[in-house]
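Single-letter residue listing:
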Amino acid sequence: MDWGMKNRLSRIFNQSNGKAVMLAIDHGYFQGPTTGLRNPRETISPLLHYCDSLFVTRGILRNCINPNTNTPIFLRVSGGPSVLGELSNEDITTSMKEALRLNAVGVGISIFVGEKNEDRTISNLGRLVNEAEDFGMPVLAITAVGKEMERDARYLGLACRIAAEIGAHIVKTYYCAEDFEKVVEGCPVPIVIAGGKKIPELDALHMSYNAISKGAAGVDMGRNIFQSENPVAMIQAIRAVVHENYTANEAFELFNRLKNMKDDTHAIEKITH
Ligand code: R5P
């Protein structure tokens, strides 16, 4: 593996434990100004300090993120259809040159296994990896699920393995309560989980804890952080699970403590250092 690829991966995954807390704020690329993301700058700015990398589109990056940030940027580079159309009809929307110009640490693309355009989205991933390898750019494959498919270990395992076989360096998938460890086992590259729809904070912490216990390398989470009643407290609770071995209940206590603190500076320092 070349130096550039290694360096980027080392900025995505914490060097002491190999884990990552990625903050996903890319939903607008097909959903528009969805709940919690009407003003992305306001949503992102208090959270930026707490994520290991931020997953966004180039439009939000250029318009809403201060270029003096030290937070590594992961770019979503696929898109096309809106929420009103056929979601699997995606293509590569952002070039490798642009990702390099924006100093990205990685690029992310969706594949739609079990959907109408399954084959094209998987070829898109292959093309993106071919180009990314030339520039030492890690590729995250986001395994979107077919409408008819159960989000179970068999299906998720299939999608993750295909993504890794085509060359993805990291795979994002959903957590499944049964046999998630088999999904991880069958995928030779690190898996991070998406959070999915907003659920109660304690449930989201349990999901994250279980995923990490069963071998996930971290989270690339959006709605369960930015739609939380207290996003800043929630991202720190998630960090505590991913990086500090907190159980879900311990992290929930931390969430409540931070939520109820007027000035949470001291607690923040404790968790981030
Ligand atoms: C889809 O909109 C994106 O790939 C999201 O980044 C992904 O689903 C993670 O976000 P959430 O935790 O809200 O599911």
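As the structure is a computational prediction, the values presented were derived from the model and not from experiment. (Residues numbered from 1 in each chain as written. Predicted model: local features only at pLDDT ≥ 70, side-chain atom pairs only at ≥ 80, totals over all residues.)

J.: Explain the overall build of the protein to me, please; I cannot follow it from the model alone.
T.: Summing up its helical and strand segments, the protein has 13 helices and 10 strands in all. Its C-alpha atoms give the protein a radius of gyration of 17 Å, within 12% of the compact-globule value 19 Å for 273 residues. If you line up the protein on its principal axes, its C-alpha atoms span 50 × 40 × 40 Å. Here the protein, with 273 residues, has 47% of them falling under the buried criterion. Partitioning the contacts of the protein with sequence separation of at least 6, the portion at a separation of at least 24 is 67%. (Helix = DSSP H or I, 4+ residues; strand = E, 2+ residues; numbered from the N terminus. Rg over C-alpha atoms; globule rule 2.2 N^0.38 Å. Buried ≥ 20, exposed ≤ 12 C-beta atoms within 10 Å, placed from the backbone. Contact = placed C-beta atoms within 7 Å.)

J.: Can you walk me through the site of the ligand in this structure?
T.: As a matter of local geometry, the ligand sits amid 13 residues, with A24, A194, G195, G222 and R223 nearest to it. For the shell around the ligand, the secondary-structure elements that each account for two or more residues are β10 (218-221) and α10 (223-226). Class assignment of the residues belonging to the shell around the ligand gives a composition of five nonpolar, five polar and three charged. (Near = placed C-beta within 6 Å. Nonpolar A, V, L, I, M, F, W, Y, C, P; charged D, E, K, R; others polar.)

J.: Please explain the pairing of strand β8 (residues 170-173) as it appears in this structure.
T.: Taken residue by residue, a regular strand's side chains alternate between the two faces of the sheet. Both faces of β8 are covered, namely the face carrying I170 and K172 and the face carrying V171 and T173. As paired elements, β8 and strand β9 (residues 191-193) share three bridges and run parallel to each other. Residue T173 lies in a different strand from β9, and its bridge partner there is I193. Read from β8 through helix α8 (residues 180-185) to β9, the crossover connection turns out right-handed. (Pairing = 2+ DSSP bridges. Right-handed = clockwise from strand over helix to strand, strands pointing away.)

J.: Just checking my understanding: could you explain the environment of N14 for this structure?
T.: Looking at where N14 falls in the secondary structure, it is placed in the loop between α1 (3-12) and β1 (20-24). Taking C-alpha positions, N14 is 8.4 Å from H243, a pair spaced 229 residues apart along the chain.

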